[in-house]
Protein chains: 2
Amino acid sequence: MAGFVEALTPRETALDHVSAVLRFPWKGEEVPVPVESCSGRISRPLIADENFPPFPRSTRDGYAVVSADCLGAAPGSPAYLTLAGEIPMGSAPSLSIRRGECALIHTGGILPDGADAVVMVEDTENAGNWIEVKKAVQRAENTVQAGEEFSVGDTLLKAGQKLDFRTAGLLAMAGVREAATARLTVGIISTGDEIAPPETVTLPAGKVRDVNASMLSALLIGEGHSVRNYGIAEDTRDALAAFVREALRECDVVAISGGSSVSMRDHCSSILEDLPPPGLLVRGILMSPGKPTLIAGTEDNRKLVLGLPGHPFSCFISAYTVLIPLLNALLLGKPAGPWKRVLVPVQEPVFGHTGIEEFIPCVLRNGRAFPFPVKSSFSKALAEADGLFRLSASHETIRQGEEAEIWLW
Amino acid sequence: MAGFVEALTPRETALDHVSAVLRFPWKGEEVPVPVESCSGRISRPLIADENFPPFPRSTRDGYAVVSADCLGAAPGSPAYLTLAGEIPMGSAPSLSIRRGECALIHTGGILPDGADAVVMVEDTENAGNWIEVKKAVQRAENTVQAGEEFSVGDTLLKAGQKLDFRTAGLLAMAGVREAATARLTVGIISTGDEIAPPETVTLPAGKVRDVNASMLSALLIGEGHSVRNYGIAEDTRDALAAFVREALRECDVVAISGGSSVSMRDHCSSILEDLPPPGLLVRGILMSPGKPTLIAGTEDNRKLVLGLPGHPFSCFISAYTVLIPLLNALLLGKPAGPWKRVLVPVQEPVFGHTGIEEFIPCVLRNGRAFPFPVKSSFSKALAEADGLFRLSASHETIRQGEEAEIWLW
């Protein structure tokens, strides 16, 4: 048991080391996903093949004008323009504007030839065939130029961008109905003689239900991946090795959530050591919780294998801060997490230790971040938390008023 | 057009007013969702019907001890305990501990009778049948008591909590495989003669593709709701009224994304006015963007109808800050948004105006929030943003170093 974790690797070093040795990126399975769907990760940039808008448009209700005609216009000295007509919505305007003229235009309408700006209706008076303009406008004011949203060749989606409500409108604008996303199939193996399947109704004495498989599944599915659950391996090297072999055959990535017994840990590390080269790459990470994390990989048939801690909170931290970034590295070449990193002043101390990177659940109350230490209830801490405090290895306790780093889900 | 928005209602007032007049909560459709799935909203609290853990467990690898035996133990003055045996994983221990004894225990193992704490293996030396304990432990240290995670009657899920990786482990722990979630069916109607269906490949002159329907769909689906898309209504009162009638028959909520023409806006507000009581409740909201938002409802057959602005960014802001909170109010009785509200000092000014609540896209860079004003490209602003700055009506520009309120997705 001593010797299980010999030299702990800092987390970011471990991520970079594994990415470099395994020569990420590899390729995931490509899956087309409807733009309105909300899961999945874009595998490659999507480039615009048309301009949007296709024509110069008004961004306001008002009058299309020649901006030079409105020079110096003000409530006391309005400009008077002849109303030449109304721009129809949804078809090309047949009228064009000459100096001294204007045309009624609605938000989204095509700017007629000759016009170079739009005066908002609020800044005008309608006097029959005359329009009184009471405010000067700059060239292009209240308009959007053709191709201003995006032009042919512009990147619509960056590699790794997630499909959600933020991208759905953009893709609809560009006429894209499905986007190519990359996903990985991750095999999940649970170990531990005390673990019973989650569907167990009445638990035998000494058993608890498998928490990690469900938690990992939800985390991975939420990140757009596909999950295969292999159930619970018996506490023998042969049993675990058979599970790992099967999972390696069917999946891109295998995550073993660790049994508590010494023998199971030994089995796990010995199986990872015996993988084809480069095999076991990281044997313990300098983080708390999550220390007993193992990372291995095979370059030939491109498989990534992780051994995650058995305690559900440690397992979660390891999956969230190591596994997910590694899956992104695998697909995109660079480790990246799903969190939003924000620096915030804290209202009460966040207790930590130097020499090790620490993660503590964080809850937001009235816009302020508070630590929610995992004491008695891991499950409540995770269910209530809005994210994590991250205390780098060089940080001890963060005092009241000092800035802390939070990672929001 | 003048007169369309007469008296603007502050957003929060509007949400509370609508919730009160329509006597929320109403009932949504109840849908069972697997705990590993990542969408869906819990309609009602879920209560634990068992204790977890079912027995006192060790949270460490080490030795189960009687804490009184280790009083004052230190590296220079260790306590010596007799090793009575090893606690098996996954079954009830047959051995119990007397004063002066200890038992090898693994993380998750059942605390044997007689023991009241666990000494970590790092704080011991193994000397054959004797274990040298070099650190004192408190009663219950490194253990979790039966029922400490949760006990019979504890709330496992609060009403409105979302199912995701944070709840999956907790539910698995409790043996719950499916949770009851509530969802609403939202009908989406687009209007505007310049709008073409999103699947249009070659746009006729003057037309643009429908952006709002896709964006609203993705937003609603991401919040766990179901969407029916009715397409684009022609610019006549009868055409729009027929769409609204059909959607009201089939959906709980109808969202009309607004056409740009004056007549279409008039049609929309007149149709909402003609709904059964109480009908049109809010006619414009004191926010920017998103002002021309209409809210109506019928109490008899419990339908909620919104008119959203036509400009995609305004439509998004209105949907995110008004529609989604109203759907939560409908299901839960209280308006609540999906955002994470954080107060952060800003590094550069965020320009705003007093007298109106404003929303400006916000991007995070190196843990700091920067404004990303929607200038030329709405779609890029939304796709790149990590959230929104919210400037309340009483806030003008927020200066460098001052605190701003951000709402992160």
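Our structure's up above, just so we're on the same page.
Calculation criteria
Residues numbered from 1 in each chain as written. Chains lettered and ligands numbered in written order. Predicted model: local features only at pLDDT ≥ 70, side-chain atom pairs only at ≥ 80, totals over all residues. Heavy atoms only, no water. Pairing = 2+ DSSP bridges. Helix = DSSP H or I, 4+ residues; strand = E, 2+ residues; numbered from the N terminus. Axes fitted to C-alpha atoms, helices over the stretch in contact; angles between N-to-C directions. Contact = heavy atoms within 4.5 Å. Core = buried A, V, L, I, M, F, W, Y, C linked by side-chain atoms within 4.5 Å. Buried < 20%, exposed > 50% of the residue type's maximum accessible area, 1.4 Å probe, protein only. Salt bridge = Lys/Arg side-chain N within 4 Å of Asp/Glu carboxyl O. Polar contact = N/O pair within 3.5 Å; in protein donor to acceptor, adjacent residues only side chain to side chain. Nonpolar A, V, L, I, M, F, W, Y, C, P; charged D, E, K, R; others polar. Phe/Tyr/Trp six-rings, centres within 6.5 Å; stacked < 30°, edge-to-face > 60°. Lys NZ or Arg CZ within 6 Å of the ring centre and 35° of its normal. Parallel < 35°, antiparallel > 145°, perpendicular 65-115°, else oblique. Left-handed = near helix turned anticlockwise from the far one by under 90°. Least-squares fit on C-alpha atoms with pLDDT ≥ 70 in both.

Here we look at the sheet that holds strand β17 (residues 253–257) of chain B
All names here are of chain B.
Turning to step 1, where the next piece is worked out: Within the open sheet, the six strands sit side by side as β16-β13-β17-β21-β20-β18. Their pairing is mixed. Since the sheet does not close on itself, it has two edges, and those belong to β16 (226–233) and β18 (278–283), each with one partner. Taken pair by pair, the neighbouring strands of this sheet meet at an average axis angle of 15°, ignoring direction.
Turning to step 2, where the next piece is worked out: Lying over the sheet, helix α1 (residues 11–21) contacts β18, β20 (294–298) and β21 (303–308), oriented at roughly 170° with respect to β18.
Turning to step 3, where the next piece is worked out: In the packing of helix α4 (residues 237–250) onto the sheet, contacts are made with β13 (185–191), β16, β17 and β21, and the angle to β16 comes to roughly 170°.

Some remarks on the sheet that holds strand β7 (residues 117–120) of chain A
All names here are of chain A.
Turning to step 1, where the next piece is worked out: Taken together, the six strands give an open sheet; going across it, the order is β7-β4-β6-β5-β9-β8, and neighbouring strands pair in mixed fashion. Here the strands that pair on one side only, and so sit at the sheet edges, are β7 and β8 (124–127). Here the strands of the sheet are splayed against their neighbours by 40° on average, with no regard to which way each runs.
Turning to step 2, where the next piece is worked out: Bridge count between strand β5 (residues 79–86) and strand β6 (residues 101–105): four bridges; the pairing is parallel. Bridge pairing in β6 places T82 opposite E101.

Thoughts on the nonpolar core
Turning to step 1, where the next piece is worked out: Ranked by internal contacts, the top residues of the largest apolar core, which has 72 residues, are L304 and F316 of chain B.
Turning to step 2, where the next piece is worked out: Looking at this core, the element that brings in the most residues is helix α6 (residues 312–332) of chain B, giving 14 residues.
Turning to step 3, where the next piece is worked out: Counting residues in hydrophobic clusters, the runner-up holds 71 residues, among them L15, F24 and I285 of chain A together with L156 of chain B.

A short note on the interface of chain A and chain B
Turning to step 1, where the next piece is worked out: Counting residues at the interface gives 83 residues for chain A and 83 residues for chain B.
Turning to step 2, where the next piece is worked out: Counting across the interface, chain A meets chain B through 10 salt bridges.
Turning to step 3, where the next piece is worked out: A salt bridge links R368 of chain A to E403 of chain B, with the shortest nitrogen-to-oxygen separation between them at 2.7 Å.
Turning to step 4, where the next piece is worked out: Put simply, chain A and chain B have 32 residue pairs in polar contact (both at pLDDT 80 or more) between them.
Turning to step 5, where the next piece is worked out: At the level of elements, α2 (165–173), β15 (208–209), α3 (212–222), α5 (262–273), α6 (312–332), β22 (340–345), α7 (378–384) and β26 (403–408) of chain A are the ones that each hand at least two residues to the side of chain A that touches chain B.
Turning to step 6, where the next piece is worked out: Split into classes, the residues belonging to the side of chain A that touches chain B amount to 40 nonpolar, 18 polar and 25 charged.

Brief notes about the side chain of T321 of chain B
Residues and elements named next belong to chain B.
Turning to step 1, where the next piece is worked out: Secondary-structure assignment places T321 in helix α6.
Turning to step 2, where the next piece is worked out: The class of T321 is buried, set by a relative accessible area of 0%.
Turning to step 3, where the next piece is worked out: Here the side chain of T321 touches I317 through a polar contact of 2.8 Å, landing on its backbone oxygen.
Turning to step 4, where the next piece is worked out: Setting aside anything within four residues of it in sequence, one finds T321 in contact with R11, L15, M287, W339, F359 and W407.

Regarding unusual backbone geometry
Working note: non-glycine residues mostly have negative phi, and peptide bonds are mostly trans.
Turning to step 1, where the next piece is worked out: Residue P278 of chain A is reached from P277 of chain A by a cis peptide bond, and omega for that bond is 0°.
Turning to step 2, where the next piece is worked out: Note the cis peptide between F52 of chain B and P53 of chain B, where omega equals -10°.
Turning to step 3, where the next piece is worked out: Structurally, P53 of chain B can be placed in the loop between β2 (46–47) and β3 (57–58).
Turning to step 4, where the next piece is worked out: Phi is positive for R23 of chain A, close to 55°, though the residue is something other than glycine.
Turning to step 5, where the next piece is worked out: In this structure, N142 of chain B is a non-glycine residue whose phi angle is positive, near 60°.
Turning to step 6, where the next piece is worked out: Inspection of the secondary structure puts N142 of chain B in the loop between β9 (130–133) and β10 (143–144).

A word on the packing of aromatic side chains
Turning to step 1, where the next piece is worked out: Taken as a whole and assessed by the stated rule, the structure comprises 26 aromatic pairs over all chains.
Turning to step 2, where the next piece is worked out: Aromatic side chains F24 of chain B and W26 of chain B sit 4.9 Å apart centroid to centroid with 85° between the ring planes, which places their arrangement in the edge-to-face category.
Turning to step 3, where the next piece is worked out: It is R365 of chain A that lies over the ring of F370 of chain A; its NZ or CZ is 4.5 Å from the centre.

Considering the pattern of salt bridges
Side chains that differ in charge, positive against negative, can pair when their charged atoms come close.
Residue and element names in this part refer to chain B.
Turning to step 1, where the next piece is worked out: Counted under the stated rule, the structure contains 46 salt bridges over all chains.
Turning to step 2, where the next piece is worked out: Between K27 and E30 there is a salt bridge, with the nearest N and O atoms lying 3.8 Å from each other.
Turning to step 3, where the next piece is worked out: Judged by relative accessible area, K27 falls into the exposed class, the value being 64%.
Turning to step 4, where the next piece is worked out: Here E30 falls in the partly exposed class, since its relative accessible area comes to 38%.
Turning to step 5, where the next piece is worked out: Its salt-bridge partner being E29, residue R183 comes within 3.2 Å of it at the nearest N-O pair. Here R183, found in strand β12 (residues 178–183), pairs with E29, found in strand β1 (residues 29–34); they are 154 residues apart in sequence, far enough to count as distant.

Description of the environment of G290 of chain B
Residues and elements named next belong to chain B.
Turning to step 1, where the next piece is worked out: Considering the arrangement of structural elements, one finds G290 in the loop between β19 (287–288) and β20.
Turning to step 2, where the next piece is worked out: With a relative accessible area of 2%, G290 lands in the buried category.
Turning to step 3, where the next piece is worked out: C-alpha of G290 to C-alpha of L308: the two residues are 18 residues apart in sequence and 7.6 Å apart in space.
Turning to step 4, where the next piece is worked out: Once residues within four sequence positions are removed from consideration, G290 is found in contact with P309, S314 and S318.

Side note on the packing of α3 of chain A against α6 of chain A
Residues and elements named next belong to chain A.
Turning to step 1, where the next piece is worked out: Running from N to C, α3 and α6 cross one another at 30°; their axes reach a closest spacing of 11 Å. Taken together, the axes of α3 and α6 are roughly parallel relative to one another. The crossing of α3 and α6 is right-handed. Along the contact surface, α3 presents N212, M215, L216, L219 and L220, while α6 presents P312, C315, F316, A319, Y320, L323, I324 and L327.
Turning to step 2, where the next piece is worked out: Split by residue class, the contact of α3 with α6 holds 12 nonpolar, one polar and no charged.

Side note on the relation of the copies chain A and chain B
Turning to step 1, where the next piece is worked out: Screw-axis analysis of chain A against chain B gives a translation of 0.1 Å along the axis, an RMSD of 0.2 Å, and a rotation angle of 180°. Read as a symmetry element, the transformation amounts to a two-fold axis. In terms of proximity to the rotation axis, the leading residue of chain A is V344 of chain A, whose C-alpha is 3.1 Å off the axis.
Turning to step 2, where the next piece is worked out: Counting the interface residues of chain A, we find that 99% of their copies in chain B are interface residues as well, pointing to one common contact surface.

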